[in-house]
Amino acid sequence: MKKITNLLIIALCFIWPIILQGQVTTYPHTSDFEGSMGDWQNVLGDNGDWGIINKATPSSGTGPSAAQSGAWYVFTETSNNTTWGGQIWLECQYDFTNVTGANLDFWYHMYSSNGGGNGPGILSLDVFDGGGWNYDVFRDELTNADAWKNAIVDLSQFDGRPNVILSWTVWVESTGWQCDIALDNIVVDGGGGGGPTLCATLPYEQDFELGT
């Protein structure tokens, strides 16, 4: 299981703000991965990395052929057998101090033409609330379809927390070269936040496909 002992939790409470690029404080926070990972970070201690791509994933019979919208998306590449039977993590840190009704809206893709031991694996979301981990706030171990799928997750139990970490985990099969799970257009939103209201209607999403 991810990822830490009780003593390590205490230490990481102090060092995580340094490891990550910084807390997100303005909402809605949209990650469309158009040319960069944005505020999301690969973290140490897992068995592989997430990366961005603007075409089909390298492995055949798995992964999307294109982004859910725009050109780029973030994905796991599991052709390397060092990822097999392991986990691959992706994290972003948020300040929910002034947030009410926090929620997560995202698109994901998990597909294996072979199925079984080759994929598609499992996608889960764990949430660190400042004191400990809440495992499997979202979890999908059943989907196997060559299509993007939308999900909305209620995060309101973490309202008011100043140090919230959203942590995706891909669980890779024991011979999981078809576990190229992908994410796109991740929107974290709430009724408040660390910045001014940006538009009249929430949630508001902008992927800048047509310019500023």
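Residues numbered from 1 in each chain as written. Predicted model: local features only at pLDDT ≥ 70, side-chain atom pairs only at ≥ 80, totals over all residues. Heavy atoms only, no water.

Description of the pattern of salt bridges
Argument step 1. Enumeration over the complete set of coordinates arrives at three salt bridges.
Argument step 2. Note that Asp136 and Arg139 form a salt bridge whose closest N and O atoms lie 3.3 Å from each other.
Argument step 3. For Arg139, a relative accessible area of 35% gives the class partly exposed.
Argument step 4. One salt bridge connects Lys149 with Asp140, and the closest N-O pair in it is separated by 3.8 Å.
Argument step 5. According to the relative accessible area criterion, Lys149 is partly exposed, its value standing at 36%.
Argument step 6. One network of salt bridges, in which partners are shared, links Asp136, Arg139 and Glu141. (Salt bridge = Lys/Arg side-chain N within 4 Å of Asp/Glu carboxyl O. Buried < 20%, exposed > 50% of the residue type's maximum accessible area, 1.4 Å probe, protein only.)

Here's the deal with the side chain of Asp46
Argument step 1. Looking at the element boundaries, Asp46 is found in the loop between strand 2 (41–42) and strand 3 (50–53).
Argument step 2. A polar contact of 2.8 Å, which involves the side chain of Asp46, links it to the backbone nitrogen of Trp89.
Argument step 3. The residues touching Asp46, leaving out its near neighbours within four places in the chain, are Gln87, Ile88 and Trp89. (Helix = DSSP H or I, 4+ residues; strand = E, 2+ residues; numbered from the N terminus. Polar contact = N/O pair within 3.5 Å; in protein donor to acceptor, adjacent residues only side chain to side chain. Contact = heavy atoms within 4.5 Å.)

Re the packing of aromatic side chains
Argument step 1. Counted under the stated rule, the structure contains twelve aromatic pairs.
Argument step 2. For the pair Tyr27 and Phe96, a centre-to-centre distance of 5.8 Å together with 65 degrees between the ring planes defines the contact as edge-to-face. With Tyr27 in the loop between helix 1 (6–19) and strand 1 (29–31) and Phe96 in the loop between strand 5 (87–94) and strand 6 (103–109), this pair connects stretches of sequence that are 69 residues apart. Taken individually, Tyr27 and Phe96 each receive the classification buried, so the pair is uniform in this respect.
Argument step 3. Joined through ring pairs, the aromatic side chains of Tyr27, Trp40, Tyr94 and Phe96 make up one cluster. (Phe/Tyr/Trp six-rings, centres within 6.5 Å; stacked < 30°, edge-to-face > 60°.)

Remarks on the sheet that holds strand 5
Argument step 1. With respect to topology, five strands assemble into an open sheet ordered 2-5-10-7-8, the strand pairing being antiparallel. Among the strands making up the open sheet, the edge pair consists of strand 2 and strand 8 (133–140). (Pairing = 2+ DSSP bridges.)

Quick look at the environment of Val172
Argument step 1. Considering the arrangement of structural elements, one finds Val172 in the loop between strand 10 (164–171) and strand 11 (182–189).
Argument step 2. Judged by its relative accessible area of 7%, Val172 is buried.
Argument step 3. As a C-alpha pair, Val172 and Pro120 span 52 residues in sequence and 7.7 Å in three-dimensional space.
Argument step 4. In this structure Val172 touches Thr78, Thr83, Trp84, Gly85, Gly86, Ile88 and Cys179, once residues within four positions along its chain are discounted.

Considerations on unusual backbone geometry
Leave glycine aside and you will find that most residues have negative phi; peptide bonds, for their part, are mostly trans.
Argument step 1. That bond from Tyr27 to Pro28 is cis: its omega, 0 degrees, falls within 30 degrees of zero.
Argument step 2. With respect to the secondary-structure elements, Pro28 resides in the loop between helix 1 and strand 1.
Argument step 3. In the segment running from Gly119 into Pro120, the intervening peptide bond is cis, with an omega of 5 degrees.
Argument step 4. Following the sequence through the fold, Pro120 ends up in the loop between strand 6 and strand 7 (122–128).
Argument step 5. With a phi angle near 55 degrees, Asp136 is a residue other than glycine that sits in the positive phi range.
Argument step 6. Along the chain, Asp136 falls in strand 8.
Argument step 7. Note on Asp136: relative accessible area 34%, which makes it partly exposed.
Argument step 8. Of note in the backbone geometry, Asn185 takes a positive phi value of approximately 50 degrees without being a glycine.

Remarks on the confidence of the model for the chain
Argument step 1. Of the residues in the chain, 81% reach a pLDDT of 70 or more, and the chain-wide mean stands at 87.
Argument step 2. Note on residues 4–20: pLDDT is under 50 here. Beyond four places in sequence and across chains, it has 21 contacts.
Argument step 3. Confidence over residues 193–201 falls short of pLDDT 50; this stretch has eleven contacts with residues more than four positions distant or in other chains. (pLDDT = per-residue confidence, 0-100.)

Side note on the side chain of Thr76
Argument step 1. Relative to the helices and strands, Thr76 is located in strand 4 (residues 73–76).
Argument step 2. For Thr76, a relative accessible area of 0% translates into the label buried.
Argument step 3. Within polar-contact distance, the side chain of Thr76 engages the backbone oxygen of Cys179 at 3.0 Å.
Argument step 4. Beyond its immediate chain neighbours, meaning those up to four positions away, Thr76 contacts Asp49, Trp50, Ile88, Val170, Cys179, Asp180 and Ile181.

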